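# Breakdown of the fold
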Amino acid sequence: MKRFEKTKSKTPTSGGRAWTGKLSEAFGGLNLGGWMRRAVWIFAAGWLGLAGDSQGAGAAAPLNFVNDIEPVLTKASCNSGGCHAKAGIGQRGFRLSVLGFEPLEDYEHIVKEGKGRRVFSAAPEQSLLLLKAANIVPHGGGKRIEPGSEEFQTVVRWISEGMVYERESDPKLVSVEVEPARISLKARSTQQLRVHARYSDGSVRDVSRTALYEANDKSMAEASEEGLVTLQDLPGNVAVMVRYSGLVSVSSITIPLGAPVEKLPASKNFIDEHVFANLKRIGIPPSEVCDDATFLRRVSLDVAGRLPTEDEAKAFLGNQDPGKRDAVIEALLRSSGYADFFAGKWAMLLHNKRDLASDTVSNFAFHSWIRDNLLENTPYDVLVRELLASTGEIGTNPAVAWFKRVKEPQQQVEDVAQLFLGVRMQCAQCHHHPFERWSQRDYYSLGAFFSQVGRKPSSTPEEEVIFHKRGIAQAENKKTKQQVRPAGLGAKPLEIAPDEDPRLRLADWMRDKTNPFFAKALVNRYWKHFFRRGLVDPEDDIRDTNPPTNPELLDALASKFVESGYDLKGLIRTITQSTAYQLSSAPNAHNGIDQQNFSRYYPRRLPAEVLLDAIDGLTGMPTNFPDLPPGTRATSLPDNSYNRTTALLKVFGRPEGLSVCECERVDSASLAQSLHLLNSADIKGKLAGANGRAERLVKSGGTEADKIRSLYFTAFSRPPSTEESKQAEEYLARPLTDTKGEPVDPLKAKRISLEDLIWALMNAKEFLYNH
Amino acid sequence: MSRGTTPFFAVYLTSLCLATPCLAQQVCLPAPRLLTVTPMGGQLGTTVDVTVTHQNGDSIRELLFSTPKISAKPMQSADGKAVPNKFQVIIAPDAPVGVHDARLLTSLGVSAARTFSVGSLPEVTRTKENQSLETAWALHANSICNAATGKRAIDYYSFKGTKGRRVVVDCNAARIDSKLSPVVILADSKGNDLIVNRTSGVLDYTPESDGTYFIKIHDLTFQGGTEHFYRLALREVDGSGPAPRQETTARVSAFSWPPDGLAPVAPVSEVEPNNQPSQAQKITLPCDFAGSFATADDTDIFEFQAAKGEVWWVEVASERLGLNTDPAVLIQRVVKDGEKETLTDVAELDDMAAPMKMGTYQPAASYSGPAYQAGSPDVLGKFEVKEDGLYRLQLRNLTSDTRNRGSAYRLLIRKAQPDFAVVAWAAHQRLRQNDFGTISKPIALRSGTTMAFEVVTVRRDGFDGEINLGMEDLPPGVTAGGLTIPAGKVQGMLFVTAAEGAAPAFSIARIVGRASINGNMVTHPCRLASVLWPVDYAPVELPKSRLVADVPVSVTDFEKAPVSVAADGNAGFQVNAGGTLKIPLRITWRSEFNGTSIKLKPYGSVFGAVKEIDLPIKAATSEVVLDMAALKTPPGDYTLAFSGIAVIKHRPNQNAVKAAEAEQQKAGGEVASLAAEAKGQAEKAAAAPAEGKEEAMKAAKAAADKHKAAEVAMAEVTKRLKTLTDAAATKDVLDFIVSEPIQVSVKAAPAAQTAPAQTPVAPGTAPSGTAASGTAAQPQK
């Protein structure tokens, strides 16, 4: 590494200039100009460096396409999706496979296509392939390879050697290893990565130059093209993915904050042990445990999607029972609010969307099916099995609605993988997954589980009867045109009798204790629900190259979840009972910077439905949803159709059920949101509504202080501070005059002031956020 | 986001437009329909006060039931007058427990039916609002509550639960004709939901503690109204057996079950485990099994020996028992070589094909076919044994749940027992968009009307012969024709005609199917199916149907058919194959029509190629020409009938107007005479001497009071006359006209003219509807 850095420092040397001159001659006196200087040092460095680093691969051995040329093309981004690997067409008649996953095809295209016009053995440097790559002949993609660089010369040599694809005796790439694989580094430091490729003959090559580097969190680390990693300020764990010739490896870097962690809150369960161990390791002291009011509000919002009522909040704060937090969690999990809230989350991911009026029955039935199962705490594996292997029609088995929404086999594969396994398989439909081990074979093998889904018309329009169609389960690999048998990801293909519904076998594979994805994906998804960030993030992109920030914790959560019999309420109970969940969101002197180690609670804006219900509760004016009973909460809505009738839901990003990704839900802030809360007719109507909270407070007895207290408990689940109470009382007491300067009737003035106070509370961050 | 929004809105707007039916014209002449009966049932041996709602049920005469053990009499007010739409229903102690049909007899005839349940539990009718926890209606254990949900509403009930005491909540709705798709929720004492059922209306729960529990009932999509009624039974149940359910109506598909002579209870039961070939249950053929499907991966496997040349028929009933199942049978031959087994598929048996394709909704069009599912996901088929040996039959439910919510089946494997079952329903003709009102039809005939029925059969075990249909016990003046399902076919037509001069009458008729099977004449009753509700607009509500209890037929002269089309001298016609037959038609017009002519098209496929008749409005005669050479109809007896669409200028309820006018005239007379009487008495009183003054004044007052009462009555009659006159205003009504059936006998051509008649008909291309024998038929004249 040192040598590499040293070489780099030599860049502007006279030696380099000399090389420039020679190369200039070699290219027929072209004015190579300034760009050449960089090319020269790269070439020189590579030549010298690699020659020394090759251990046994033999520098003089003839080059082959697979081992030597494809990595060059990949490094130069020739085969990226935006360039010559554009799906199906390539670029201007020249097509390469994405990231070189199909070297044989690429070889054919380079060497044979167009009567071999892309390569010229007699004068390799004059090959079109190189002239274009070096932008010597005008190239839409610009200059990808410096003339004379090591890469350039490698290609030249390969052409001059006769353009071998791969000899039988040639060593095959076996693995790629990055060094360091795991390291702890201070913030703002740098680290050069070194990548070694191991071959079947035992040889090892340093491929650091041609490997590709990418950090999974760019706010924590940046990796240069040469593999130099520069760390940012944030403490925690970051992974730099290294990709070389179809294989990947990861360098995990821990960035400690290094602050003293002297006192840790008491651990309640294994979650705390893992979270605190990590915090200790990287030196981030956790915040204090939050107060009761904050806890009650937080857990009510997270479990049941609602604010605690005023009475609940007062009772909780007045309760001296040390077990009261656990008791609240139990009560929330028993409540239908829990089932409603989580059903809304799942219904959107399962595409319960209304396109036509005739979707109504199906959507109500499917949403309710999810909700009722959550209420009864159906084990997660049973629920998924019932969904994926559902048969019948909507009226008797609402789970078949999923097959109405997710009709195409490819969407079934992709949704199942992403939602239930946390794996994104989309890329593998057309080419090998660029960051993963998943190939098209894996993709179609997973799809084969759905190959025997039969459909016939039902008595309900637009609905079908779903059944298992007898036959051998298999799917055609679109690449090879071969039929593949069903197989779980990374599992062996299954022989499934024609009478057996393969979907049941898929469900069996999923719930098997040894399944590496199923439980992990769920616990990670739920972790994110409660902690704002997944242990793997995004929560549905679990892969070796995107490792968890706390792998031990993720493993422990998953194995406990399996042991519990896939008990969803149990998982939530475990999470919410943990001290880690109950930490204050207020940062201490050190952990304000932390964004991934859960040293404090990360506040977040209330989801659209929850916010609407909260506003309805605060203003005392429930939203009236079309065709639903008065009093229906937004968290109970069955589908997306209400986003059109209730502007707030749309403005605050309630999803439409289009995507299997939770990212469809917009949780960022926008100007429209602020304006909606500040001056929409909707909010104004709620504040000033007949028999709304303001009017009721005016008419009710009690002191102004009581009313203010009541409002604070409703909005924030806590009493106002002395200062807040004083300010509010002064505000309510001030006389009002109309536009003509005449005094306003005192009762009316009171009401206006109360509306203002409610309005102000509603717009406070403390209200809009779960904290 | 906007890309997703635009199409949604486009579709949504389209839906909104479609959701408002543009009914410029009424579709179909008014037919009486009983809409609701509240309460929807009663306990054995009790008298129940019921209220009915109806459509076109003016001048209700009686409330009738499909069992003589239930009777009704109109409720009377204190002054002895009948209270409109209210009846006292008397349920005999020995009335059959179950679901019966109720219907009204009105001036237009018998109405469409509505269920009326009879049970042994005490019943109540909810009488106050119960749409909150606070106003929950208290239920007693082992009782039934009759109620209906409101739109956007949830009904609340409470009951006292006892720890460990199992209760079953059963909300009967859709299977007793209700539009309610019930959601049944059981909640704790604070109203927190505990368990929910949204698919079958039943909850089975054992309380964990003593206390008050709540039941919530609402529609799946929160629809409601009087037609969303339900019967909520709360039972305390011993043991852990299946939850008891209330009785329900039968699906149309159930008409083909059971086969004749089947034992009510199967002699043998399935023995689990039999999921694996190694666990196959050994049986001998023939067999009659009762079993049940469990989870989705449950396969019931049976093993038996069979000999070469045998033919076995396999029938499975499950869906037809009222369950939501889809059985499938696979039979394989098993050849064993030591431990190794070789399996060869012999037969795969799946759904029973529908004799007529069920209609579907098509945008911007009418319902496309019959609203009746006469086929079934059940199994009926055969397998032929090609070789001696061991065979394995596996039975699965293709729509099983992945959790065990077992469903029963009955499996029969038998040697051929050829037989048939038949079901009929009022034929529906596509009129135009939004014509769904046409498909809920009682057999309430206006004199001079012909009504068309489709009759379909499920044939068993290879029976392929002709099925003759008969109608018995028809009211006087009503005849039936077209009574054949031809050999090899599964569909026929039936035409019921009320003669022009038929007097009002009502009877419970019977339709029977008769066929000669292996030399024996076999007779089976033909069931009748009906659509449950008039459907105004199908995208919102699709027609649902069921078997009705019997075949009520009425005839009325309150209104007459707007037009009657019949053969002149309709006693049957005869023609030689290859010849030409001209049939004169006689048309009787009784109403005004829009347009200049009615196009009449022939029914069915035998005469399907007969040229359409363009019948000018008011033409008294017309003619049908049958060119048998062109039609190539083989010899046999056939029925020819026509139908066409017409816009009638309907003047409803004219008789009621006339009656009211007469009543008004009578009342006017009374007022005049009482006025004169009062005037006379007043004058008398004025002139009376002092000693008789008081008495005369009394008499004068009494006369004045009578006069005043008569004037009030007169005002009421006048008001009613106005209402009736308004309602009787002429309306354009789109309806279809059916001709009387015409019997045509096609004879084999005489020997001298054999050439055209002997035009060979290629095998398999014979026109459908061919008569049974295809040889000489009996002459009609």
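Since we're looking at a predicted model, the values are computed, not measured.

## Some points on the overall build of chain A
- Tallying secondary structure elements over chain A gives 31 helices and 16 strands in all.
- With the principal axes as the frame, chain A shows a C-alpha extent of 100 × 65 × 55 Å.
- Counting across all 771 residues of chain A, residues that qualify as buried make up 57%.
- Of the roughly 31,100 Å² that chain A leaves accessible, carbon and sulfur atoms contribute 54%.
- Averaging the coordinates of the 99 positive side-chain charges in chain A and doing the same for the 97 negative ones gives two points 3 Å apart.

## Some thoughts on the sheet that holds strand β51 (residues 742-747) of chain B
Residue and element names in this part refer to chain B.
- Read across the sheet, 3 strands follow the order β42-β51-β48 without closing on themselves; strand pairing throughout is mixed. Each having just a single partner strand, β42 (573-576) and β48 (636-640) make up the two edges of the open sheet. If you compare each strand with its neighbour and ignore which way they point, the axes differ by 30° on average.
- Looking at chain direction, β48 and β51 are connected through 5 bridges and run antiparallel. Looking at the pairing, aspartate 637 lines up with serine 745 of β51.

## Considerations on the nonpolar core
- Membership of the largest hydrophobic core comes to 145 residues, with the highest contact counts inside it found for Phe420 and Phe767 of chain A.
- A per-element tally of this core places helix α19 (residues 518-531) of chain A first, with 9 residues.
- Those residues in contact with phenylalanine 767 of chain A, other than ones at most four positions away along the chain, are Arg297, Leu307, Leu606, Leu611, Ala614, Ile615, Leu618, Ala715, Phe716, Leu761 and Met762 of chain A.
- One finds Phe573, Leu581, Leu585 and Leu631 of chain B within the second-largest nonpolar core, a separate group that totals 35 residues.

## Description of the interface of chain A and chain B
- Contacts between chain A and chain B engage 46 residues on the former and 37 residues on the latter.
- A combined buried area of about 3,700 Å² lies between chain A and chain B, and 54% of that area is made up of carbon and sulfur atoms.
- Area buried by chain A at its contact with chain B is led by Arg470, Asp627 and Arg644 of chain A, which between them contribute 15% of it.
- Remark: the boundary between chain A and chain B carries 7 salt bridges.

## Notes on helix α4 (residues 65-75) of chain A
Residues and elements named next belong to chain A.
- Of all 11 residues in α4, 11 are buried; the element is thus mostly enclosed.
- Restricting attention to buried positions, one finds in α4 the residues Phe65, Val66, Asn67, Asp68, Ile69, Glu70, Pro71, Val72, Leu73, Thr74 and Lys75.
- Its side-chain oxygen 3.0 Å from the backbone nitrogen of valine 66, asparagine 64 forms the N-cap of α4.
- Serine 77 sits one or two residues past α4 and shows a positive phi near 65°.

## Here we look at the side chain of aspartate 101 of chain B
Residue and element names in this part refer to chain B.
- The topology assignment puts aspartate 101 in strand β8 (residues 98-106).
- Given a relative accessible area of 2%, aspartate 101 falls into the buried group.
- Polar side-chain contacts of aspartate 101 include one of 3.0 Å to the side chain of arginine 546.
- Within polar-contact distance, the side chain of aspartate 101 engages the backbone nitrogen of alanine 549 at 2.9 Å.
- If sequence neighbours within four positions are ignored, aspartate 101 has contacts with Leu64, Phe65, Ser66, Ala113, Arg114, Arg546, Val548 and Ala549.

## Concerning the sheet that holds strand β9 (residues 236-244) of chain A
Residues and elements named next belong to chain A.
- Pairing in this open sheet of 4 strands is mixed, and the strands run β2-β10-β9-β6 from one edge to the other. The sheet is open, and its two borders are formed by β2 (182-184) and β6 (212-215), each paired with just one other strand. Between one strand axis and the next, the sheet turns by 20° as a mean value, whatever way the strands run.
- In this sheet, strand β10 (residues 247-255) lies alongside β2 in parallel orientation, the contact comprising 3 bridges.

## Quick look at the confidence of the model for chain B
Residues and elements named next belong to chain B.
- With 89% of its residues at a pLDDT of at least 70, chain B reaches an overall mean of 87.
- Predicted confidence is poor over residues 1-23, with pLDDT under 50, and the contacts of this stretch with residues over four places away or in other chains come to 19 contacts.
- Segment residues 753-781: pLDDT under 50, and 49 contacts once partners within four positions in sequence are set aside and those in other chains are kept.
- Across the interface, the model reports ipTM at 0.83; the global pTM reads 0.84.

## So, unusual backbone geometry
- A cis amide bond links threonine 38 of chain B to the next residue, proline 39 of chain B, at an omega of -5°.
- Relative to the elements of secondary structure, proline 39 of chain B occurs in the loop between β2 (33-38) and β3 (41-43).
- One non-glycine residue, serine 717 of chain A, lies in the positive phi region at around 60°.
- You can see serine 717 of chain A is positioned in the loop between α28 (704-716) and α29 (722-733).
- Under the relative-accessibility criterion, serine 717 of chain A is labelled buried at 0%.

## Describing the pairing of β10 of chain A
All names here are of chain A.
- Burial within β10 is extensive, with 7 of its 9 residues counted as buried.
- Sheet topology places β9 next to β10; 9 bridges connect them, and they run antiparallel. Of the residues in β10, the one forming a bridge with methionine 241 is valine 250.
- Taken together, β9 and the strand that follows it, β10, pair antiparallel across an intervening segment of 2 residues, in which serine 245 is found at a positive phi of about 50°.

## Regarding the state of the cysteines
- Throughout the structure, instances matching the rule amount to 1 disulfide over all chains.
- Distance from the sulfur of cysteine 171 of chain B, which forms no disulfide, to the nearest cysteine sulfur (cysteine 145 of chain B) is 10 Å.

## Re the environment of proline 498 of chain A
- Assignment of secondary structure puts proline 498 of chain A in the loop between β14 (482-484) and α18 (502-511).
- Taking the C-alpha atoms as reference points, proline 498 of chain A and glycine 471 of chain A, separated by 27 residues in sequence, lie 4.2 Å from one another.

## Some thoughts on the pattern of salt bridges
- Taken as a whole and assessed by the stated rule, the structure comprises 104 salt bridges over all chains.
- Taking the shortest distance from any N to any O, the salt bridge between glutamate 214 of chain A and lysine 218 of chain A comes out at 3.7 Å.
- For glutamate 214 of chain A, a relative accessible area of 33% translates into the label partly exposed.
- Glutamate 695 of chain A serves as the salt-bridge partner of arginine 751 of chain A, at 2.5 Å between the closest nitrogen and oxygen. With arginine 751 of chain A in helix α30 (residues 746-763) and glutamate 695 of chain A in helix α27 (residues 693-699), this residue pair connects regions lying 56 residues apart in the sequence.
- The exposure class assigned to glutamate 695 of chain A is buried, which follows from its relative accessible area of 15%.
- One network of salt bridges, in which partners are shared, links Asp340, Arg371 and Asp372 of chain A together with Asp193, Arg198 and Lys216 of chain B.

## A few points about helix α17 (residues 440-447) of chain A
Residue and element names in this part refer to chain A.
- In terms of burial, α17 is a largely internal element, 7 of the 8 residues being buried.
- Among the residues of α17, Gln440, Asp442, Tyr443, Tyr444, Ser445, Leu446 and Gly447 are the ones counted as buried.
- Of the surrounding elements, those touching the buried residues of α17 are α16 (409-420), β13 (475-477), β14 and α18.

Reading the values: the criteria
- Residues numbered from 1 in each chain as written.
- Chains lettered and ligands numbered in written order.
- Predicted model: local features only at pLDDT ≥ 70, side-chain atom pairs only at ≥ 80, totals over all residues.
- Heavy atoms only, no water.
- Helix = DSSP H or I, 4+ residues; strand = E, 2+ residues; numbered from the N terminus.
- Buried < 20%, exposed > 50% of the residue type's maximum accessible area, 1.4 Å probe, protein only.
- Areas by Shrake-Rupley, 256 points an atom, 1.4 Å probe, with all protein chains shown as cover.
- Lys, Arg positive; Asp, Glu negative; His and termini not counted.
- Charge placed at Lys NZ, Arg CZ, Asp CG, Glu CD.
- Pairing = 2+ DSSP bridges.
- Axes fitted to C-alpha atoms, helices over the stretch in contact; angles between N-to-C directions.
- Core = buried A, V, L, I, M, F, W, Y, C linked by side-chain atoms within 4.5 Å.
- Contact = heavy atoms within 4.5 Å.
- Buried area = accessible area lost by both parts, 1.4 Å probe.
- Salt bridge = Lys/Arg side-chain N within 4 Å of Asp/Glu carboxyl O.
- Polar contact = N/O pair within 3.5 Å; in protein donor to acceptor, adjacent residues only side chain to side chain.
- pLDDT = per-residue confidence, 0-100.
- Disulfide = S-S within 2.5 Å.

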